[in-house]
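Spelled out from the first residue to the last, the chains are:
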Amino acid sequence: MRSLFWRVLAAFWLALVLVAGLSMLLGRALNNDALIIARHPGMQDLAARWTERYEAQGALAAQFLLDENRRQYRVSVQVLDDAGRHLSSRDPIVRHNRPPPPPESDNRPNLPRFPWRQLSQEYTSPKTGQSYFFIYRIPHEELQEWRHDSLLWPLSALFIALVVLTLFSLLLTASITRPLNRLRRAVHDLGQTSYQQNSLARLADRRDELGVLALDFNRMGARLQGLIGSQRQLLRDVSHELRSPLARLRIALALAERADAQERAHLWPRLTQECDRLEALIGEILALARLDADLGAARPIDLTELVARLRNDYALSTPDREIRSELAPGLELSGWPDMLERALDNLLRNALRFSPAGQPVEIHAKRQGEHLLLSVRDHGLGVAEEHLARLGEPFYRAPGQSAAGHGLGLAIARRAAERHNGRLILANHPDGGFVATLDLPLTTPR
């Protein structure tokens, strides 16, 4: 993964390298002979002024200009015509004697061989068309002093640094703020329930922290949309399911108001039964809604104790029904015991409801890789294959069922399995009957 940290660090160092490289190139450019001749006050326009004075007043007046220039700027000048003849009346350059070579023991290869720097320029007179060749010799000390006093070098270096750093800052800022703006728009769309998962598809392809953030946001958005959709569907289903018992209660109350005492005594058990059904339905709806609440940190689950407790409860409530259990030893699971017990309780209740009398209900638990398979099997008629996919949806019941129920037991079990990062597998057993399996990871859920 290309980390955003390394990308920022690489951009920072690349900008420094570019600034240093361009500064070196600038230094070489500013050290060019033509630039020094064009900008140094001791050589700037000197060729034009000397040519004008030489052609108008003669060699002596032109030499006087060179002497004044040398005294002011310490720049020695020699002028040759196109035939190579000296045009100066006296040559100031000959006064500079060549310095003796450094001793062999002196190891200083970077020192200049001469105390001056020699530059040359060819100039053609605009009046006569005569060409002149100017040779300038400027001491190194004078050249360094002029560079220090000139603002060209620092301003040029500052301009290069500002341009390079500004470009890199803009690119780096755009590479960070554009994805953040996309995330901000996605957050806004999610709050308006108009979020589209493909809106961050390109951003999720990035192999850095922002790409990982977009991928996690897509998952969160998909889960939130799924929860919102399921809650809306649940509200619609709840309102639909509550109408039937409420309608029966209204009818029974209307009949009780017009009935005599004997008929009214006959209607009271029916009213009590409808109230019990309504209370059971509301309890299952609340149990389903609580599965989405924050249950705190996961805890170790003693599966053997949990199954034994449920078997004892059903042995007391339904002593004529047999529940067999076969649990593999050494099974350790982390999660929420109350949630898992409620899911297993609903699976057992469904199995007992549809299993024929005299046939046992079987509980099996085994380990398969890093998963725990906890299954409950009955010996009933099973479910048609075309209805298996919808089993587990709230309030959905397969056609043809005569047993009482509201279609919430499998929905509670499925939601509990998903809270444990697992799933509920529903299938017909090959040897007959129906089997519901909780496939749960053995790692601690979050």
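Our subject is the structure that appears above.
All values derive from a computational prediction rather than experimental measurement.

What counts, and at which threshold
Residues numbered from 1 in each chain as written. Predicted model: local features only at pLDDT ≥ 70, side-chain atom pairs only at ≥ 80, totals over all residues. Heavy atoms only, no water. Buried < 20%, exposed > 50% of the residue type's maximum accessible area, 1.4 Å probe, protein only. Helix = DSSP H or I, 4+ residues; strand = E, 2+ residues; numbered from the N terminus. Pairing = 2+ DSSP bridges. Axes fitted to C-alpha atoms, helices over the stretch in contact; angles between N-to-C directions. Contact = heavy atoms within 4.5 Å. Parallel < 35°, antiparallel > 145°, perpendicular 65-115°, else oblique. Left-handed = near helix turned anticlockwise from the far one by under 90°. Nonpolar A, V, L, I, M, F, W, Y, C, P; charged D, E, K, R; others polar. Salt bridge = Lys/Arg side-chain N within 4 Å of Asp/Glu carboxyl O.

**Examining helix H13 (residues 409–419)**
(1) Moving on: The buried fraction of H13 amounts to nine of the 11 residues, a majority that puts the element mostly inside the structure.
(2) Moving on: For H13, the set of buried residues is Gly409, Leu410, Ala411, Ile412, Ala413, Arg415, Ala416, Ala417 and Arg419.
(3) Moving on: Asparagine 421 occupies a position one or two residues after H13 and carries a positive phi of about 60°.

**Digging into unusual backbone geometry**
Negative phi is the rule for most residues except glycine; trans is the rule for most peptide bonds.
(1) Moving on: Of note in the backbone geometry, aspartate 45 takes a positive phi value of approximately 60° without being a glycine.
(2) Moving on: Mapping aspartate 45 onto the fold places it in the loop between helix H2 (33–39) and helix H3 (46–57).
(3) Moving on: Residue classification places aspartate 45 among the exposed positions, given a relative accessible area of 54%.
(4) Moving on: One non-glycine residue, asparagine 421, lies in positive phi territory at about 60°.
(5) Moving on: Position of asparagine 421 relative to the elements: it lies in the loop between H13 and strand E9 (423–428).
(6) Moving on: Since its relative accessible area comes to 48%, asparagine 421 is described here as partly exposed.

**With respect to the sheet that holds strand E10 (residues 434–441)**
(1) Moving on: Spatially, the five strands line up as an open sheet ordered E5-E7-E8-E10-E9, and their pairing is mixed. Pairing within the sheet leaves two strands with one partner each, and these edge strands are strand E5 (323–327) and E9. For this sheet the average axis-to-axis angle between neighbouring strands, irrespective of direction, equals 15°.
(2) Moving on: As paired strands, E9 and E10 are joined by six bridges and run antiparallel to one another. By the bridge assignment, leucine 426 is partnered in E10 with alanine 436.
(3) Moving on: On the sheet, H13 packs against E9 and E10 and is oriented at approximately 135° with respect to E9.

**Observations regarding the packing of helix H10 (residues 303–317) against helix H11 (residues 337–354)**
(1) Moving on: At a closest axis distance of 11 Å, the pairing of H10 and H11 adopts a crossing angle of 45°. With respect to each other, H10 and H11 are oriented oblique. Relative to H11, the crossing made by H10 is right-handed. Counting all contacts with H10, which are made through Leu303, Leu306, Val307, Arg309, Leu310 and Tyr314, the residues of H11 involved are Pro337, Leu340, Glu341, Leu344, Asp345, Leu348, Arg349 and Leu352.
(2) Moving on: Each residue belonging to the contact of H10 with H11 can be placed in one class, and the counts come to 10 nonpolar, no polar and four charged.

**A few points about the sheet that holds strand E3 (residues 131–139)**
(1) Moving on: What the three strands build is an open sheet, ordered E1-E3-E2; its pairing is antiparallel. The open sheet terminates on both sides in strands that have one partner only, identified here as strand E1 (76–81) and strand E2 (116–124). This sheet shows a mean twist of 20° between the axes of neighbouring strands, independent of strand direction.
(2) Moving on: Across six bridges, the pairing between E1 and E3 is antiparallel. Looking across to E3, one finds that serine 76 is bridged to arginine 137.

**A word on the pattern of salt bridges**
(1) Moving on: Across all of its chains, the model carries nine salt bridges by this definition.
(2) Moving on: A salt bridge links arginine 349 to aspartate 345; its shortest N-O distance comes to 2.8 Å. Here arginine 349 and its partner aspartate 345 are both found in helix H11, four residues apart, which amounts to about one turn of the helix.
(3) Moving on: Among the charged side chains, a salt-bridge network with shared partners connects Glu305, Arg309 and Glu341.

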